[in-house]
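The residues making up each chain are set out below.
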Amino acid sequence: MKSKLLLIILDGVPWRNFRRLFGNLEGWVASGEARVWKMQSVLPSTSASCYASIHTGVPPQVHGILSNDVRFRVKLPDIFSEVSAAGGKTGAVTHSYWSEFFNRYPFDFVRDIEYDEPGGPITHGRFHTMTGYGHDNQMTPSDVDLFATLTMLAARFGIDYGILHTCTMDSMGHRFGHDCVEMDKACFTMDAMLAAFLPRWREAGYEVIVTADHGQSDRGHHGGAGDDQQHFALYYFGAAKGPEKDVLLDQLQLAPTILSRLGVPAPGTMTAKPFLL
């Protein structure tokens, strides 16, 4: 691999909350150690649809994951499959949907909760399901545990590409909305937890992208076409050159950009241009 990269997906954080409530991320932007752009999600701006587009670089109307209830093993090339085919090692600390889309479907609680499969597209997987999720019980694991697990995979296995996905912010948004004391505190806590790990990842030689899959409205909704539902921030830590700060990035650019940074050719299905060079 030309470089190593970690993708951190904070599910359901709208642009406004990233820019006003994540003081550590904004501090690194102010210091010049990170850069930030606005990115627009695919439609529908539904979680599963966005997950599949983030990794395949094609819209939901092409990959077929059109809602959280329509799930199957996606047959298109994706970041995991392309990195593994190029001889790299991948890691995932995510919701189980990612394992279903990019390794095998359906998810088996015992077989798939944790696996190390050198021949698979996801070399090292550690997953959670949020089974029983609802308004009164988020069923989300601690984000410190997730960050620590990704750090362990990087240190123990030397993964070239790793993704971490947490639903804490999305779940808080659905429960409380985004203009409230509870969300202010949730963003502050997430920012502080993430801050403890970012320097360690950078010292280990990883470029890091911190972003979301979609935004959310103040009423806690996403799926539609409003800017609050589709727009979110993308923070980049690394040496690559990027566009001007006011350029609106397309979510379909993320997969070919990551492959480009790793030195892996993008498959023909990924037609969007990388935004990092």
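For the structure, see preceding data.
Quick summary incoming for the structure in this document. Numbering of residues starts from 1 in each chain and follows the order in which that chain's sequence is written. Selection of residues for local features in this predicted model requires a pLDDT of at least 70, selection of side-chain atom pairs for listing and counting requires 80 or more, and totals for whole chains, interfaces and linings are taken over all residues. By convention in this description, side-chain values take in all heavy atoms of the structure and omit both hydrogens and water.

Further remarks concern the environment of G132. In this fold, G132 is placed in the loop between strand 5 (124-128) and helix 8 (143-157). Residue classification places G132 among the exposed residues on the basis of a relative accessible area of 52%. By definition in these notes, contact holds between two residues if any of their heavy atoms fall within 4.5 Å. Residue contacts for G132: discarding those within four places in its chain leaves N137 and M139. Put simply, DSSP marks the helices as runs of H or I at least four residues long and the strands as runs of E at least two long, and each gets a number from the N terminus on. Relative accessibility under 20% of the residue-type maximum defines a buried residue, over 50% an exposed one, and the middle range a partly exposed one, all with a 1.4 Å probe and only protein chains included.

Once that is clear, we can look at the packing of helix 9 (residues 168-176) against helix 10 (residues 181-195). A packed helix pair is summarised by two numbers, namely the angle formed by the two axes and the spacing between the axes. Two elements in contact, helix 9 and helix 10, have axes whose closest approach is 10 Å; the angle formed by their N-to-C orientations is 175°. As summarised for this structure, helix 9 and helix 10 are arranged roughly antiparallel, according to the angle between their axes. Residues T168, M169, M172, G173 and F176 of helix 9 lie in contact with helix 10, whose contacting residues are E182, M183, A186, C187 and M190. Residue composition of the contact of helix 9 with helix 10, by class: seven nonpolar, two polar and one charged. Where helices are involved, their axes are fitted lines through C-alpha atoms of the stretch in contact, as for all axes, and angles between N-to-C directions lie from 0 to 180°. The scheme is simple: roughly parallel for angles under 35 degrees, roughly antiparallel for over 145, roughly perpendicular for 65 to 115, oblique for anything else. Amino acids are sorted into nonpolar (Ala, Val, Leu, Ile, Met, Phe, Trp, Tyr, Cys and Pro), charged (Asp, Glu, Lys and Arg) and polar (every other residue, Gly among them).

For a regular strand, the rule is simple: side chains alternate between the two faces of the sheet. Counting buried residues in strand 8 (residues 231-237) gives seven out of seven residues, a clear majority hidden from the surface. What you see with strand 8 is no split at all: H231, A233, Y235 and F237 on one side and F232, L234 and Y236 on the other are buried throughout. Any two strands are treated as partners once DSSP identifies two or more bridges connecting them. The pairing of strand 2 (residues 35-40) with strand 8 spans six bridges and is antiparallel. The residue of strand 8 that forms the bridge with K38 is A233.

Let us look at the pattern of salt bridges. Whenever a carboxyl oxygen of Asp or Glu lies within 4 Å of a side-chain nitrogen of Lys or Arg, that contact is scored as a salt bridge. Tallied over the full model, the rule gives nine salt bridges. R16 is paired through a salt bridge with D218; the nearest N and O atoms lie 2.6 Å apart. Residue R16 is found in helix 1 (residues 15-21), and its partner D218 is found in the loop between strand 7 (206-211) and helix 12 (227-230); the two are separated by 202 residues along the sequence. The closest approach of N and O atoms between R104 and E117, which form a salt bridge, is 2.7 Å. Linking R104 in the loop between helix 6 (96-102) and helix 7 (109-112) with E117 in the loop between strand 4 (114-116) and strand 5, this pair joins segments that are 13 residues apart in sequence.

The criterion is simple. A nonpolar core is a set of buried Ala, Val, Leu, Ile, Met, Phe, Trp, Tyr and Cys residues joined through side-chain atoms within 4.5 Å. By size, the foremost hydrophobic cluster in this structure holds 80 residues, and its most contacted members are L7, I8, F18 and W201. The residues touching L7, leaving out its near neighbours within four places in the chain, are I54, Y161, G162, I163, L164, I209, T211, L254 and I258.

Attention now goes to helix 10. Spanning 15 residues, helix 10 covers 21 Å between terminal C-alpha atoms, matching the ideal 21 Å at 1.5 Å per step. Within the sequence span of helix 10, burial applies to M183, A186, C187, M190, D191, L194 and A195. For helix 10, the arc enclosing every buried residue in end-on projection is 165°, short of the 170-degree limit, so these residues lie on one face. Summarising the geometry of helix 10, the exposed residues directed more than 90 degrees from the buried face are V181, K185 and F188. A helix is expected to reach a length of 1.5 Å times the quantity of its residues less one. This arc describes the spread of directions from the helix axis toward the C-beta atoms.

With respect to the helices and strands, C187 occurs in helix 10. Note: C-alpha distance between C187 and D11 (176 residues apart in sequence) is 12 Å. Setting aside residues up to four positions removed in sequence, C187 forms contacts with N17, L21, F22 and M169.

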